[in-house]
Amino acid sequence: MSMFERLWRGRLDGGFSDGELSDGELHRAARAGSGEAMAVLYRRHGGLVYRFTLRMCRDAAAAEEITQNVFLAMLTQIDRYDAARGSLSTWLCGIARRQLWKHLGRNDAADGLALDEEGAAELPCPADGPVELLLRSEAVEAVRAGIDGLQPALREVVILCALEEMSYEESAQVLGVPVGTVRSRLHRAKARLAILLRAEMAHTERKRG
């Protein structure tokens, strides 16, 4: 059984349960060498890190490896986390993002993140767009496929803001960009998904007709 399986399944020190302490308290305990604190942090945030990574790379094995690397990095960089600068979950997702682009390769990462923020034309985006309709739309699979097909820099913000329900500020911390950039990228992503959903709905109507 790997260290991470032990962290997920069991208590190492027998000290406390998942809901007893805040992330800040757990972080301080982990810095002091508590394996139980690390176990709770892994169980509390490992799922988020794994989902974000899997949705970005669509490779379960890679997502699992990156998630493990994130918590290994946390063990070796635990003094670098500053609670005053943001939540532990955003810090971990930021590490995951860097691990992800390292996995994908620097060239692919550079291409995926090279967006012309200033020169991009604004597209109309309905107030209740396809991302908000994701769970109740008949075109769920089409929208999910559309998310997978977005440029990585746009896909990131949809995953963080819409699927993981992070705030713009939290997403900006993960991505290392201004809040305004997060808003702009999310608007563009929703606009492109809206076009996809309208096309899918028209196709569905034609099939029914």
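Residues numbered from 1 in each chain as written. Predicted model: local features only at pLDDT ≥ 70, side-chain atom pairs only at ≥ 80, totals over all residues. Heavy atoms only, no water.

Notes on the packing of helix H3 (residues 35-57) against helix H5 (residues 88-104)
At a minimum axis distance of 10 Å, the contact between H3 and H5 shows a crossing angle of 40°. Relative to H5, H3 is oriented oblique. Between H3 and H5 lies a crossing of right-handed hand. Only Leu 88, Ser 89, Leu 92, Cys 93, Ala 96, Arg 97, Leu 100 and Trp 101 of H5 make contact with H3, whose side of the interface consists of Leu 41, His 45, Leu 48, Val 49, Phe 52, Thr 53, Met 56 and Cys 57. Classifying every residue of the contact of H3 with H5 gives twelve nonpolar, three polar and one charged. (Axes fitted to C-alpha atoms, helices over the stretch in contact; angles between N-to-C directions. Helix = DSSP H or I, 4+ residues; strand = E, 2+ residues; numbered from the N terminus. Parallel < 35°, antiparallel > 145°, perpendicular 65-115°, else oblique. Left-handed = near helix turned anticlockwise from the far one by under 90°. Contact = heavy atoms within 4.5 Å. Nonpolar A, V, L, I, M, F, W, Y, C, P; charged D, E, K, R; others polar.)

With respect to the nonpolar core
One finds Val 70, Met 74 and Leu 92 to be the most contacted residues of the largest nonpolar core, which totals 49 residues. Of all the secondary-structure elements, those providing two or more residues to this core are helix H2 (23-31), H3, helix H4 (60-76), H5, helix H7 (140-149), helix H8 (152-163), helix H9 (168-175) and helix H10 (179-208). Contact partners of Met 74, with chain neighbours within four places excluded, come to Met 38, Leu 41, Leu 88, Trp 91 and Leu 92. (Core = buried A, V, L, I, M, F, W, Y, C linked by side-chain atoms within 4.5 Å. Buried < 20%, exposed > 50% of the residue type's maximum accessible area, 1.4 Å probe, protein only.)

A short note on the pattern of salt bridges
Note on pairing: side chains with opposite charge can pair once their charged atoms come close. Scanning the entire structure with this criterion turns up seven salt bridges. Between Asp 79 and Arg 31 there is a salt bridge whose closest N-O contact spans 2.9 Å. One end of the pair, Asp 79, is in the loop between H4 and H5; the other, Arg 31, is in helix H2, with 48 residues separating them in the sequence. The salt bridge partner of Glu 164 is Arg 55, with a shortest N-O separation of 2.7 Å. Residue Glu 164 is found in the loop between H8 and H9, and its partner Arg 55 is found in helix H3; the two are separated by 109 residues along the sequence. Salt bridges linked by common partners bring Arg 51, Arg 55 and Glu 164 together as one network. (Salt bridge = Lys/Arg side-chain N within 4 Å of Asp/Glu carboxyl O.)

Section: the environment of Glu 164
Its relative accessible area of 15% is what places Glu 164 among the buried residues. Measuring from C-alpha to C-alpha, the distance between Glu 164 and Phe 52 comes to 8.1 Å, with 112 residues separating the pair along the chain. Not counting chain neighbours up to four residues away, the residues in contact with Glu 164 comprise Leu 48, Arg 51, Arg 55 and Ile 159.

Re the packing of H3 against H8
Where H3 contacts H8, the two axes come as close as 10 Å, and the packing angle between them is 145°. Considering how the two elements wind past one another, H3 and H8 form a crossing that is right-handed. Between H3 and H8, the residues in contact are Phe 52, Arg 55 and Met 56 and Pro 152, Arg 155, Glu 156, Ile 159, Leu 160 and Leu 163, respectively.

Focus: the packing of aromatic side chains
In this description, a pair of aromatic rings is defined by centroid distance and the angle of the planes. Taken as a whole and assessed by the stated rule, the structure comprises two aromatic pairs. Between Tyr 42 and Phe 71 the ring centres are 4.7 Å apart and the planes differ by 75°, which places this aromatic pair in the edge-to-face class. Of this pair, Tyr 42 sits in helix H3 while Phe 71 sits in helix H4; the two residues are 29 residues apart in sequence, bridging distant segments of the chain. Note on accessibility: Tyr 42 and Phe 71 belong to one class, buried. Judged by centre distance (5.4 Å) and plane angle (45°), the rings of Tyr 81 and Trp 91 are tilted. Of this pair, Tyr 81 sits in the loop between H4 and H5 while Trp 91 sits in helix H5; the two residues are ten residues apart in sequence, bridging distant segments of the chain. Here Tyr 81 and Trp 91 have matching classes, each one buried. (Phe/Tyr/Trp six-rings, centres within 6.5 Å; stacked < 30°, edge-to-face > 60°.)

Focus on the environment of Val 49
Structurally, Val 49 can be placed in helix H3. Placed 40 residues apart in sequence, Val 49 and Ser 89 show a C-alpha to C-alpha distance of 8.2 Å. Discounting chain neighbours no more than four positions away, the residues touching Val 49 are Thr 67, Val 70, Phe 71, Leu 92 and Ala 96.

Quick word on the confidence of the model for the chain
A residue-level look at the chain finds 69% of positions with pLDDT of 70 or above and a mean pLDDT of 78. By mean pLDDT, the top-scoring element of the chain is H9 (95), and the lowest-scoring one is helix H6 (residues 106-113) (47). Under a pLDDT of 50 for its full length, residues 10-14 has, in the predicted model, 15 contacts with residues more than four places off or in other chains. The model gives residues 109-127 a pLDDT under 50, and that stretch makes 32 contacts with residues more than four places away or in other chains. (pLDDT = per-residue confidence, 0-100.)

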